[in-house]
Amino acid sequence: MKIREMQDEIIRLKKEKDICILVHAYISHDVWEVADYVGDSYGLAKQAASAPQKNVLMCGVRFMAETCKILSPEKRVFLSHPDAGCPMAEQIDKAVIENYKKNNPDRTVVAYINTTADLKTVCDVCVTSSSALKIVENIENDKILFIPDSNLGGWIKEKCPNKDIELMQGGCPTHILLRKEHVERMKEKHPDALLLVHPESRKEVADLADYVGSTTGIMKFAKESDNKEFIIGTENSIVQHLQVECPDKRFYELSKECVCKNMKLTTLADVYNMVKYGESEEIFMDEETRVKALRSIDNMLKLGG
Ligand code: SF4
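For clarity, every value in this text was computed on a predicted model and none was experimentally measured.

Visitor: Outline the sheet that holds strand E7 (residues 143–147), listing residues and values.
Guide: In sheet architecture, strand pairing relies on hydrogen bonds along the backbone and comes in two forms, parallel and antiparallel. Taking strand neighbours across the sheet as the criterion, the four strands line up as E6-E5-E7-E8 in an open arrangement whose pairing is parallel. Pairing within the sheet leaves two strands with one partner each, and these edge strands are strand E6 (125–127) and strand E8 (164–167). Neighbouring strand axes in the sheet, compared pairwise and without regard to direction, differ in orientation by 30 degrees on average. Relative to E8, E7 runs parallel, the two being bridged by four bridges. Residue pairing for E8: Lys143 is matched across the bridge by Asp164. Of the strands in this sheet, strand E5 (108–112), E7 and E8 are in contact with helix H5 (residues 94–103), which crosses E7 at around 170 degrees. Its contacts with the sheet put helix H8 (residues 150–159) on E5, E7 and E8, and the angle it makes with E8 is roughly 165 degrees.

Below you can see the structure in the form of structure tokens.
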């Protein structure tokens, strides 16, 4: 079977079986082409809640499928690959935050959406990279603990000097691989290119960027810019997606190393096997966890607009 034929069969079967396919921006382009919706965590979370289908296949990592289940308990939610977790989501234990809250009852705990459902149950509000700044600004309390990504948290702290933001050590093992040396090398090779960077990157990289924002923000910036060349400082799939969507522009990877192994576990064959044979892990969650975790996501949707 050719790739195009496999994609056509997936599109036919997902309609027949009432399956909504949600695809994160870091998944490969052949899977993008069969999606009902493509986006970053924030867009996917909102889309999961409004999709009319009874079944949702999340092509991404586990916390994203959990977020779908939290928002849509009546739907059957499936994860594209059972081993696709996000290491950052598991960096902080729920007990650590429970203990922190006992000692710091006056702080609002803001959690990046890249956290487990269990951890979300003890957090006050979730954020994504595209909504974090707006949400932190909109929180009435000035005293905040931001978890788990200290790079994203540090970037927000710099943008919100009026807030007292505490950070915990944590971060994305993929974006952390981007270094200042990569920027220097790529800027020398492509002096006319603009550098677009995700805020999960180190400060030494973000400080040299022409634009810092979420994957959706980076893609929008590149599409709307009059510039013709861009160095992309986020997961390398974005380079391929942008090159397909903007064939007249040039896109370069900031580093070959910026590849998320977990996102790369999902292939078109996994999607095919799910829609054809139902071979995929279904997400189950007890109602107490779901309701408690929902509070932080509801607050995100309220404060993020
Ligand atoms: S890119 Fe980083 S934050 Fe995103 S899923 Fe991979 S490890 Fe997690």
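Visitor: So, the sheet that holds strand E3 (residues 55–59): which residues are in play, and what are the values?
Guide: The strand order across the open sheet built from five strands is E2-E1-E3-E4-E13, with neighbouring strands paired in mixed fashion. Strand pairing shows two members of the sheet lacking a second neighbour, strand E2 (37–39) and strand E13 (281–282), which therefore form its edges. Sheet strands in contact with helix H3 (residues 41–50) are strand E1 (19–24), E2 and E3, and its direction is about 170 degrees off that of E1.

Visitor: I'd like a description of the site of the ligand, backed by residues and values.
Guide: By nearness alone, every residue bordering the ligand is listed as Tyr26, Cys86, Pro87, Met88, Asn114, Cys172, Pro173, Thr174, Glu200, Cys260 and Met263. The pocket occupied by the ligand, as judged from atoms lying within 2 Å of grid points, is the largest pocket.

Visitor: Talk me through empty space enclosed by the protein; I want residue IDs and the actual numbers.
Guide: The tally for this structure, following the rule as stated, stands at one cavity of 30 Å³ or more. For the largest cavity, the calculated volume is near 50 Å³. Taken together, Ser41, Leu44, Ala45, Met58, Phe63, Met64, Thr67, Cys68 and Ile113 make up the lining of the largest cavity. For the lining of the largest cavity, the elements supplying multiple residues, two or more each, are H3 and helix H4 (62–71). Looking at the lining of the largest cavity residue by residue, the class counts come to seven nonpolar, two polar and no charged.

Visitor: An account of the packing of H4 against helix H14 (residues 287–304) is needed here, citing residue identities and associated values.
Guide: Direction vectors running N to C along H4 and H14 enclose 95 degrees, while the axes themselves pass 9 Å from each other. Relative to H14, the element H4 is oriented roughly perpendicular. When H4 is examined against H14, the residues Thr67, Lys69, Ile70 and Leu71 are found in contact with a partner set consisting of Arg290, Ala293, Leu294, Ile297 and Leu301. Its residues placed into classes, the contact of H4 with H14 shows six nonpolar, one polar and two charged.

Visitor: Could you give an account of the environment of Ser201, naming the residues involved and the relevant values?
Guide: The topology assignment puts Ser201 in the loop between strand E9 (194–197) and helix H10 (203–206). Assessed through its relative accessible area of 2%, Ser201 is described here as buried. Between the C-alpha atom of Ser201 and that of Asn151, which follows or precedes it by 50 residues, the distance is 6.3 Å. Contact partners of Ser201, with chain neighbours within four places excluded, come to Asn151, His175, Leu178 and Gly233. A distance of 2.8 Å separates a polar side-chain atom of Ser201 from the backbone oxygen of His198.

Calculation rules
- Residues numbered from 1 in each chain as written.
- Predicted model: local features only at pLDDT ≥ 70, side-chain atom pairs only at ≥ 80, totals over all residues.
- Heavy atoms only, no water.
- Pairing = 2+ DSSP bridges.
- Helix = DSSP H or I, 4+ residues; strand = E, 2+ residues; numbered from the N terminus.
- Axes fitted to C-alpha atoms, helices over the stretch in contact; angles between N-to-C directions.
- Contact = heavy atoms within 4.5 Å.
- Near = heavy atom within 4 Å.
- 1 Å grid on protein atoms, 1.4 Å probe; cavity = no way out; pocket = protein on both sides within 12 Å on 5 of 7 lines; lining within 4 Å.
- Sits in = over half its atoms within 2 Å of the grid points.
- Points joined across faces, edges and corners; volume = space filled by probe spheres on them.
- Nonpolar A, V, L, I, M, F, W, Y, C, P; charged D, E, K, R; others polar.
- Parallel < 35°, antiparallel > 145°, perpendicular 65-115°, else oblique.
- Buried < 20%, exposed > 50% of the residue type's maximum accessible area, 1.4 Å probe, protein only.
- Polar contact = N/O pair within 3.5 Å; in protein donor to acceptor, adjacent residues only side chain to side chain.

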